[in-house]
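Descriptive analysis of the structure
The primary structure of each chain is shown beneath.
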Amino acid sequence: MPHNTHLYEEVSKTCWPIIYSPKYNITFLGLEKLHPFDAGKWGKVINFLKEENFLADVMMVEAREATDEDLRVVHTQRYLNRLKNCILESSPEWSFVVATITEIPPVFCLPNFVVQRHVLRPLRTQTGGTIMAGKLAIERGWAINIGGGFHHCSSDKGGGFCVYADITLSIKFLFDRVEGVSKATIIDLDAHQGNGHERDFMDDSRVYIVDIYNRNIYPGDGFAKRAIKRKVELEWGTGDQDYLMKVDEHVKGALSDHEPDVIIYNAGTDILDGDPLGGLSVSAEGIIKRDEMVFRAARSQNIPIFMVTSGGYQKHTARIIADSILNLYNLGLIDHLEAI
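Residues numbered from 1 in each chain as written. Predicted model: local features only at pLDDT ≥ 70, side-chain atom pairs only at ≥ 80, totals over all residues. Heavy atoms only, no water.

Within an unreviewed UniProt entry, the label attached to the protein reads Histone deacetylase 11, and the organism entered is Phascolarctos cinereus. Word for word, the UniProt comment on the protein under Catalytic activity (unreviewed entry) is "N(6)-acetyl-L-lysyl-[histone] + H2O = L-lysyl-[histone] + acetate". The UniProt entry for the protein carries the following text under Subcellular location (unreviewed entry): "Nucleus". (UniProt positions renumbered as here; feature names shortened; annotations may be inferred.)

Turning our attention to the pattern of salt bridges. Under the counting rule described, the total for this entry stands at 20 salt bridges. For E292, the salt bridge identified is with K289, shortest N-O distance 3.2 Å. Of this pair, E292 and K289 both sit in helix α10 (residues 284-300), 3 residues apart, which is roughly one turn of the helix. In the salt-bridge network here, residues are joined through shared partners; they are R215, K225, E233 and E235. (Salt bridge = Lys/Arg side-chain N within 4 Å of Asp/Glu carboxyl O. Helix = DSSP H or I, 4+ residues; strand = E, 2+ residues; numbered from the N terminus.)

Here the structure, examined in full by the defined rule, presents 7 aromatic pairs. Ring geometry for Y8 versus F173: centroids 5.7 Å apart, planes at 55°, classification tilted. With Y8 in the segment before β1 (18-20) and F173 in helix α6 (residues 166-177), this pair connects stretches of sequence that are 165 residues apart. In terms of burial, Y8 and F173 fall into one category: buried. When the centroid spacing of 5.1 Å and the interplanar angle of 50° are considered together, the rings of W16 and F54 count as tilted. On the criterion of sequence distance, the pair formed by W16 in the segment before β1 and F54 in the loop between α1 (41-51) and β2 (61-62) is long-range, its members being 38 residues apart. Classification of F54 as buried rests on a relative accessible area of 6%. Three or more aromatic residues joined by ring pairs form one cluster here, namely W16, F54, W142 and Y329. Stacked on the ring of Y8, the Lys or Arg R177 has its end atom at 5.8 Å from the ring centre. Over the ring of F48 we find R319, and its NZ or CZ is 4.5 Å from the ring centre. (Phe/Tyr/Trp six-rings, centres within 6.5 Å; stacked < 30°, edge-to-face > 60°. Buried < 20%, exposed > 50% of the residue type's maximum accessible area, 1.4 Å probe, protein only. Lys NZ or Arg CZ within 6 Å of the ring centre and 35° of its normal.)

Below, the structure is given as structure tokens:
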């Protein structure tokens, strides 16, 4: 029997299926400035949507933090323990493992209780938001978690700023708890290969993975690539025309190959031209068009879809995410319908 969880509790039918919490944002002693990731990106997206009078606080779903029991649906206890204790016996209170995963070396020098509160709690809350988005997508047809998309984390290993396997968790929760959900498609359009969920679903025929990424950058996980059903490896500097053509072809092809009960869309904005880690050259307009293509494909076939925002390492990516959500609304691809 599935454990009791507050992540699947009912939410008000008056709320949009847009999940967020101010707790998503990582701000502590300037540590967030030591990684190219904008650790306040999520709050900026919400502020832009508020400025456009699209959202108010009472209209959003408040994300809840995933508990250890929630996380153990996918993660091994050994992995969770390693996030709490250093593997070096001489300094058990320091945070070596978290520093390695988040790629912020000074985190190693902080007591773990500080890291738990200021780094891991925000990421656990975003993970809870992704799990909640899965349930809401089934009920409303779509959902957007303004955070999440930690696609480099698998059940027993994190990396690339990804500490918890929120994509895997959201799918496992749906399979375990929602009647009629037994097949899922992951559409991973972050610039990096999504090796975490690929490792987790390596031998699971219920999950079909589409991954379109820069072949030349992190993580280059050859083993994980075996799980990808539609693998599209891009070269440096791929721009709008070639990129969007491939997205259109392979998203439609994937939904023809495998008829899922739900789609999780990893909508990384690190494909943006000039991104220091993505190495691609897609414009802001191209990203907005990409998201439109994915939602149009899902909605035209009445397949529930939920989106997570994943990577994006430039200060103006928050504005692009907000503009994309507004575009989806203006085109009627997301709407505010009460739960069925």
